Amino acid sequence: MPIDAARKPEARTGTFDLDAALAQGANANNALHAEHINPRFAKSLGLIGFDKTYVRGEGAYLWDAEGNRYLDMLAGYGVFNMGRNNPVVRDALADYLSRDAASLAQMEAPVLSGVLAEQLKERVPGYDYVYFTNSGAEGVETAIKFAHQATGRPDILYTSSAFHGLTNGALALNGTDVFREGFDPLLPATHKTAYDDLDALEAALKAHNVAALVVEPIQGKGVQIPADDYLKQAADLCHRHGALLVVDEVQTGLCRTGTFLAMEHGGPVDADIVVLSKALSGGYVPVGAVLYREAVYNKVFSSLEKCVVHSSTFGQGGMAMVAGLAALHALDEMDACAHAQEMGDRLGNGLLAMKDRFEFIGDVRWRGLMVGIEFQAPKSLKLKSAWSTAHMLSKDLFCQAITIPLLRDHRILTQVSGYNMDVIKLIPPLTISEADVDWFLTAFEDVMEKVHKFPGPAWSAIFQIGKNALKSS
Ligand SMILES: Cc1ncc(COP(=O)(O)O)c(C=O)c1O
């Protein structure tokens, strides 16, 4: 449905001209990136036809300059749970800006961070203190430091396929080699253990002097959903061995999976530290929060002299705190957890219903609106050869054969769920409607039908893209 592509405020004050900056970059965004930011990223966007210019976002939609509407199944990597440009968050930030507020006085205890901490503790009971960060990775760095200080132990366990961010410490907990290669030395004394495997965890706890296990309640990479009691049992095991359990809810938190935290699905989990970020920002201002217990606090901030031994300049900035408070309010108002559950089930069941008809579909798994579609090698000979040629050209190419036509033919933005994986992950804004879910299901069915015809135009196009990528890499 075409609409006015760019909304322009009536009047502007001051000397900065945003229109001029936008005009300077109009239709040149990819060229600017190629020249100044990341030429290879710009090139890969071009290769797969993702080199678009989006000019507006609202709810679960993006618009390009021609007024075409796109369905956003990526939500900015999961920051827009309450929808893009959510009016509650936007108005709260505008209100705050209009007040000339006294943010970052630093030698004071800011009101808004106190209120946000209180509200987070109400939603995630059982924790005593909240430490605010500027990103998910910074929350993970915080958890690593706190676990070391609280236990006096050196070793941190992480899981296969884990993703906790890309700063040095968080990268040392990354379960995928491609992210780590060449960045050594990373944090020492970190050890990988199999995800969703309690025997492996127990063996690792026995083998090392473990401060903490850091783990996602559902893995972003591949949308791996563990057994219902995995986290509860992991907490018990960690505690029996004197270690802490750190649950990374950066992507899964704030109603994404149908409950406020994903770790609630299998009943109460006695985690020691919980890390939040992404959607707490309202999609506007980076913010994260680490919830933790008094025993950890007393070790880290152990004296008056050490009362700011861990801190960061922007940690409790006014805009970030307003974004956090407004984001929570917006999620409450839209009953986001229940809606995520309902829409997730509609989407997941709709996809599952296609499994028998399309032999490339191996599995569909979901919790709320965190959905993974896993593809598999087909049985029929012709399709098998298409599958193996695609994988020979690139391990990610098969998934691109799905994401490319979804965007090109159906205006739906999706992404492959991780390197070397045949999984597409769907994490749309939690505002999506039944009609949006059906938009995706109809589009996906069309793409599946075409990709199940080999030889055929869908495959010629994808092989060409694979060859072009090989040539230019
Ligand atoms: C589970 C998880 N933890 C941590 C991070 C890192 O967050 P950020 O990119 O804000 O540093 C991410 C980012 O995708 C994530 O999914």
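None of these values were measured; they are calculated from a predicted model. (Residues numbered from 1 in each chain as written. Predicted model: local features only at pLDDT ≥ 70, side-chain atom pairs only at ≥ 80, totals over all residues. Heavy atoms only, no water.)

(A) Looking closely at the site of the ligand. Around the ligand, a shell composed of Ser135, Gly136, Ala137, Phe163, His164, Gly165, Glu216, Asp248, Val250, Gln251 and Lys278 is seen. With respect to the ligand, the side chain of Asp248 contributes an N or O atom lying 2.6 Å from a nitrogen atom. Here an oxygen atom of the ligand and a side-chain polar atom of Gln251 are 3.1 Å apart. For the ligand, whose free accessible area comes to 390 Å², the fraction covered by protein is 79%. (Near = heavy atom within 4 Å. Polar contact = N/O pair within 3.5 Å; in protein donor to acceptor, adjacent residues only side chain to side chain. Areas by Shrake-Rupley, 256 points an atom, 1.4 Å probe, with all protein chains shown as cover.)

(B) Inspection of the state of the cysteines at higher detail. If you walk through the whole model with that rule in mind, you get 1 disulfide. The residue that forms a disulfide with Cys255 is Cys337, at a sulfur-sulfur distance of 2.1 Å. Judged by the torsion about the S-S bond (-65°), the Cys255/Cys337 disulfide is left-handed. Highlighted residues: Cys255 in the loop between strand S8 (244-248) and strand S9 (273-276) and Cys337 in helix H14 (residues 336-352), separated in sequence by 82 residues. For the pair Cys255 and Cys337, one class covers both residues: buried. (Disulfide = S-S within 2.5 Å. Helix = DSSP H or I, 4+ residues; strand = E, 2+ residues; numbered from the N terminus. Buried < 20%, exposed > 50% of the residue type's maximum accessible area, 1.4 Å probe, protein only.)

(C) Inspection of the nonpolar core at higher detail. Ranked by internal contacts, the top residues of the largest apolar core, which has 112 residues, are Leu120, Leu347, Leu351, Phe375, Ile402, Phe440 and Phe444. Summarising the domain contributions, this core has at least three residues from each of domain 1 (59-82 + 336-472) and domain 2 (89-333). With residues up to four places along the chain from it excluded, the contact list for Leu347 reads Met73, Leu369, Val371, Leu426, Val437, Phe440 and Leu441. Ile144, Ile156, Ala212 and Tyr292 belong to the second-largest nonpolar core, a separate cluster that totals 25 residues. (Core = buried A, V, L, I, M, F, W, Y, C linked by side-chain atoms within 4.5 Å. Domains from an automatic or database assignment. Contact = heavy atoms within 4.5 Å.)

(D) Focus on the packing of aromatic side chains. Evaluated as defined, the whole model comprises 23 aromatic pairs. Measuring from centroid to centroid gives 6.1 Å for Phe360 and Trp459, while their planes differ by 50°, and the two rings are tilted. Highlighted residues: Phe360 in the loop between H14 and strand S11 (361-367) and Trp459 in helix H18 (residues 457-472), separated in sequence by 99 residues. For Phe360, a relative accessible area of 0% corresponds to the buried category. Centroid distance Phe398 to Trp459: 6.1 Å. Interplanar angle 35°. Geometry classified as tilted. Here Trp459 lies in helix H18 and Phe398 lies in helix H16 (residues 397-410), a separation of 61 residues in the sequence. The two residues Phe398 and Trp459 agree in class, both being buried. Ring pairing ties together the aromatic residues Phe360, Phe375, Trp387, Phe398, Phe440, Phe444, Phe454, Trp459 and Phe463, which thus form one cluster. Here the guanidinium or amino end of Arg56 rests over the ring plane of Trp63, the centre of that ring lying 4.5 Å away. The ring of Tyr61 is capped by Arg69, whose NZ or CZ atom sits 4.3 Å from the centre of that ring. (Phe/Tyr/Trp six-rings, centres within 6.5 Å; stacked < 30°, edge-to-face > 60°. Lys NZ or Arg CZ within 6 Å of the ring centre and 35° of its normal.)

(E) Structural view of the pairing of strand S7 (residues 210-215). The element S7 is largely enclosed, with a buried count of 6 among its 6 residues. With 3 bridges joining them, strand S5 (residues 155-159) and S7 adopt parallel strand pairing. Considered in S7, the bridge of Leu157 is made with Leu213. In this sheet, S8 lies alongside S7 in parallel orientation, the contact comprising 4 bridges. Looking across to S8, one finds that Val215 is bridged to Val247. Viewed along the sheet, the connection from S7 through helix H11 (residues 230-240) into S8 turns out right-handed. (Pairing = 2+ DSSP bridges. Right-handed = clockwise from strand over helix to strand, strands pointing away.)

(F) Main features of the side chain of Lys425. Looking at the secondary structure, you find Lys425 in strand S15 (residues 423-426). No salt bridge is formed by the buried Lys425, whose closest oppositely charged neighbour, Glu216, lies at an N-O distance of 7.1 Å. In terms of polar contacts, Lys425 uses its side chain to reach the side chain of Gln251, at 2.7 Å. (Lys, Arg positive; Asp, Glu negative; His and termini not counted. Salt bridge = Lys/Arg side-chain N within 4 Å of Asp/Glu carboxyl O.)

(G) Spotlight on the pairing of S11. Across the 7 residues that make up S11, a large majority, 5, are buried. As judged from the 6 bridges shared by S11 and strand S12 (residues 370-375), these two strands associate in the antiparallel manner. Paired with Ile361 across the bridge in S12 is Phe375. Remark: 2 residues form the turn of the hairpin made by S11 and S12, two consecutive strands paired antiparallel; Gly368 in that turn has positive phi of roughly 55°.

(H) Geometry of the sheet that holds strand S4 (residues 129-133). Read across the open sheet, the 7 strands follow the order S4-S10-S9-S8-S7-S5-S6; overall the sheet is mixed. One side of each edge strand has no neighbouring strand; the edge strands of this open sheet are S4 and strand S6 (190-193). When the angles between neighbouring strand axes are averaged without regard to direction, this sheet yields 20°. Pairing of S4 with strand S10 (residues 288-292), which is carried by 5 bridges, proceeds in the antiparallel orientation. Its bridge partner being in S10, Tyr129 is matched across the sheet by Tyr292. Those strands touched by helix H6 (residues 111-123) are S4, S9 and S10, and its axis lies near 120° from that of S4. (Axes fitted to C-alpha atoms, helices over the stretch in contact; angles between N-to-C directions.)

(I) Up close: the sheet that holds S15. Here 4 strands make up an open sheet; going across it, the order is S11-S12-S15-S14 and the pairing antiparallel. Edge strands, defined here as strands with exactly one partner in the open sheet, are S11 and strand S14 (415-416). Alignment of S14 against S15, held across 2 bridges, turns out to be antiparallel. Bridging from a neighbouring strand, Gln415 pairs with Lys425 of S15. In the packing of helix H17 (residues 434-451) onto the sheet, the strands contacted are S11, S12 and S15, and the crossing angle to S12 comes to about 10°.

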